[in-house]
Amino acid sequence: MERLTVDVVRGQARQPLVRDLSLAIRPGEMLALVGESGSGKSITAGAVLGLLPSSLRIGEGRIRFRGEEISAWPDKRKRRLRGKEIALVFQDYQGSFTPFMKVGKQLVEAVRSHVRITYGEAKELALHWLNEVDLPAERVFGSYPFQLSGGQRQRAALAAAMLLQPKLLIADEPTTALDVLTGERVLDLMTKLRRQTGCAILFISHDLRLVLKRADTVAVMQGGRIVECGRADTMRRQAAHPYTRLLLESRPLLLRDPGTGRAAEPDKPLQLVP
Ligand SMILES: Nc1ncnc2c1ncn2[C@@H]1O[C@H](COP(=O)(O)OP(=O)(O)OP(=O)(O)O)[C@@H](O)[C@H]1O
């Protein structure tokens, strides 16, 4: 992305939501885009994918993918790129699968909508990737999404994303809905997959400390702009921008019982406090 600006269009007026954003991800690299809610991370991902709502437009700048400028491509051409060369994993892993169709059937259909192979070949590919994400492949293939745990569904979504060996995987808060250990496992798998396949990963997160452990490069966003971008190991030692330091120092939220102010007990109403 070079000097990318995304505007919200209201009648004749345009107001920038993402400004002057430049980022580069190389094959096999994990770049994390981090910032608080509303900082512009999802809009940036939407711009790359050609998935911006109609009220948002790329204003200035350009997006290049494997040497081609894709920002000006028509929707149909971008659609062909999505799923095949650029894959997606969302926070809402429920939304990655249709509820009442077996996981295997969905994986097979996803492959066959992009490449002309037989059912048997597509099934073999699906089983291979389910295996790669450490799932009991045959069982998951024959299961409905609701028969899997949240962590299993997110790993199945990762297998679905990898099926066509994408060059870029965009993962928008893929671990946020998972408990810490399950989330770490999904991240470990992403690290393994990018090493194995050379797939680049754009990892979107609000959790700077989490991504500093796994990403090669970290870009910190605030109010639609990148305020700091650099190697994760350097940022771990010395964050330059005050906002990055604030994100690093911010304490995890605790769940407290609003009545007693103590750590919450199960089944009591909860309140989030900093
Ligand atoms: N369709 C839209 N029209 C107008 N403003 C929008 C639209 N979509 C997003 N915005 C605004 O753009 C800003 C950036 O939104 P974005 O969803 O990219 O943030 P984010 O960093 O991904 O946040 P979160 O972590 O909560 O998903 C926010 O202030 C949001 O309210």
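Nothing here was measured: the structure is a model prediction, and the numbers come from that model.

1. Focus on the confidence of the model for the protein
No. 1: Mean pLDDT over the protein stands at 86; residues scoring 70 or higher make up 91%.
No. 2: Low pLDDT (under 50) marks residues 253–257, which in the prediction has 24 contacts with non-local residues, meaning those over four places away or in another chain.
No. 3: The model gives residues 261–274 a pLDDT under 50, and that stretch makes 28 contacts with residues more than four places away or in other chains.

2. Here we look at the sheet that holds strand β10 (residues 217–222)
Across a sheet, strands are paired by hydrogen bonds formed along the backbone, either parallel or antiparallel in direction.
No. 1: The strand order across the open sheet built from 6 strands is β7-β8-β9-β3-β10-β11, with neighbouring strands paired in mixed fashion. Of all strands in the sheet, those bounded by a partner on one side alone are β7 (86–89) and β11 (225–231). Across this sheet, the average inter-strand angle for adjacent strands is 15°, counted without regard to direction.
No. 2: Those strands touched by helix α1 (residues 41–49) are β3 (30–34), β7, β8 (168–172), β9 (200–205) and β10, and its axis lies near 150° from that of β8.
No. 3: Packing against the sheet, helix α6 (residues 150–162) makes contact with β7 and β8, and its axis sits at approximately 175° to β7.

3. Some points on the site of the ligand
No. 1: Near the ligand you find 13 residues, and of these Ser37, Gly38, Lys41, Ser42 and Ile43 are the closest.
No. 2: In this structure, an oxygen atom belonging to the ligand sits 2.8 Å away from a side-chain N or O atom of Ser42.
No. 3: The backbone of Ile43 places a nitrogen or oxygen atom 2.9 Å from an oxygen atom of the ligand.
No. 4: In isolation the ligand has 630 Å² of accessible area, and contact with the protein removes 61% of it.
No. 5: Per-element tally for the shell around the ligand: the top contributor is α1, with 3 residues.
No. 6: A breakdown of the residues in the shell around the ligand according to their chemical character gives 5 nonpolar, 6 polar and 2 charged.

Cut-offs and rules
Residues numbered from 1 in each chain as written. Predicted model: local features only at pLDDT ≥ 70, side-chain atom pairs only at ≥ 80, totals over all residues. Heavy atoms only, no water. pLDDT = per-residue confidence, 0-100. Contact = heavy atoms within 4.5 Å. Pairing = 2+ DSSP bridges. Helix = DSSP H or I, 4+ residues; strand = E, 2+ residues; numbered from the N terminus. Axes fitted to C-alpha atoms, helices over the stretch in contact; angles between N-to-C directions. Near = heavy atom within 4 Å. Polar contact = N/O pair within 3.5 Å; in protein donor to acceptor, adjacent residues only side chain to side chain. Areas by Shrake-Rupley, 256 points an atom, 1.4 Å probe, with all protein chains shown as cover. Nonpolar A, V, L, I, M, F, W, Y, C, P; charged D, E, K, R; others polar.

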